[in-house]
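# A structural walkthrough
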Amino acid sequence: EAGVTQFPSHSVIEKGQTVTLRCDPISGHDNLYWYRRVMGKEIKFLLHFVKESKQDESGMPNNRFLAERTGGTYSTLKVQPAELEDSGVYFCASSLNRGHEQYFGPGTRLTVT
Amino acid sequence: KQEVTQIPAALSVPEGENLVLNCSFTDSAIYNLQWFRQDPGKGLTSLLLIQSSQREQTSGRLNASLDKSSGRSTLYIAASQPGDSATYLCAVWGHQAYNTDKLIFGTGTRLQVFP
């Protein structure tokens, strides 16, 4: 069974540009989460989808971040326009049901210059 | 606001030692607690999930315990091996009453096991 996959693995963009990160959860997992680690700090929650609906988006830092999960399968996280402080590693996770183990992808390292 | 602390921040031990990694959290009303390992440049690998009604979980040489009343969890690694070298992260589910599955992470313990 394939795990959570993320694309790209690494992205370098200039301040003001747009970047879209993609996450493919484990097949059959209705729950999809986005997290990020910035500036060597702890990993922090961004949002949680149940199928195509946003269950909790309390961690989204501002309106420059837009997450979608059309059709309830893969998800995208768009940052527009990117700022320097957005640099970090963005992780995606999925789980079969609420309260079950969350399985993480390898992350996308975003560098904004 | 829930805060998760992991002690020690770093640990270097010879192969074969038994280890205890500590995780503490400020709000005891958690739902679940999950332990992960992260290898350099890689994603997080789930090690153990302790659900709200459980006190411990075991997987191979790993044993994790949870004491919600004192706000503590420990990860015990028996007979450590060089392959155990990684960063170990503790994460708690958000407050039970808030109907959220978001994980709140500690800063991790970086473990090095030398031959």
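Everything in this summary refers to the structure shown in the same document. Not measured: the values here are computed from a predicted model. (Residues numbered from 1 in each chain as written. Chains lettered and ligands numbered in written order. Predicted model: local features only at pLDDT ≥ 70, side-chain atom pairs only at ≥ 80, totals over all residues. Heavy atoms only, no water.)

### Notes on the interface of chain B and chain A
Filter applied, for reference: The contact criterion used is simple: two residues touch if any of their non-hydrogen atoms lie within 4.5 Å. Note: buried area is the sum, over both parts, of the accessible area (probe 1.4 Å) each one loses when the two are combined. Basic side-chain nitrogens of Lys or Arg form a salt bridge, by our definition, when they fall within 4 Å of a carboxyl oxygen of Asp or Glu. Under the rule applied, a polar contact is a pair of N or O atoms within 3.5 Å (in protein, one hydrogen donor and one hydrogen acceptor; residues adjacent in sequence only if both atoms are side-chain atoms). Counting from the N terminus, the helices are the DSSP runs of H or I reaching at least four residues and the strands are the DSSP runs of E reaching at least two. Nonpolar residues are Ala, Val, Leu, Ile, Met, Phe, Trp, Tyr, Cys and Pro. Charged residues are Asp, Glu, Lys and Arg, and all others, Gly as well, are polar.
Counting residues at the interface gives 21 residues for chain B and 19 residues for chain A. Counting the surface lost from both chain B and chain A, the interface buries some 1600 Å², and carbon and sulfur atoms represent 48% of this. The largest share of the area that chain B buries against chain A comes from Leu 44, Asp 101 and Phe 105 of chain B, three residues that together contribute 32% of it. Counting across the interface, chain B meets chain A through 1 salt bridge. Between Asp 101 of chain B and Arg 98 of chain A there is a salt bridge, with its nearest N and O atoms 2.9 Å apart. Put simply, chain B and chain A have 9 residue pairs in polar contact (both at pLDDT 80 or more) between them. Of all elements in the fold, only strand S4 (33-38), strand S5 (44-50), strand S9 (86-93) and strand S10 (103-105) of chain B reach the threshold of two or more residues within the side of chain B that touches chain A. Taken together, the residues of the side of chain B that touches chain A sort by class into 8 nonpolar, 10 polar and 3 charged.

### Description of unusual backbone geometry
What counts, and what does not: Buried residues are those whose accessible area, probed at 1.4 Å on protein chains only, stays under 20% of the maximum for their type, while exposed residues exceed 50% and partly exposed ones sit between those limits.
With an omega of -5°, the peptide bond running from Phe 7 of chain A to Pro 8 of chain A counts as cis. Tracing the backbone shows Pro 8 of chain A in the loop between strand S1 (5-7) and strand S2 (10-13). At the junction of Gln 80 of chain A and Pro 81 of chain A, the peptide bond is cis and its omega measures out at -10° in the coordinates. A positive phi is found at Lys 51 of chain A, a non-glycine position, where the angle reads about 55°. Secondary-structure assignment places Lys 51 of chain A in the loop between strand S5 (44-50) and strand S6 (53-56). Classification of Lys 51 of chain A by relative accessible area gives partly exposed; the value is 43%. Not every positive phi belongs to a glycine, and Ala 79 of chain B is a case in point at roughly 45°.

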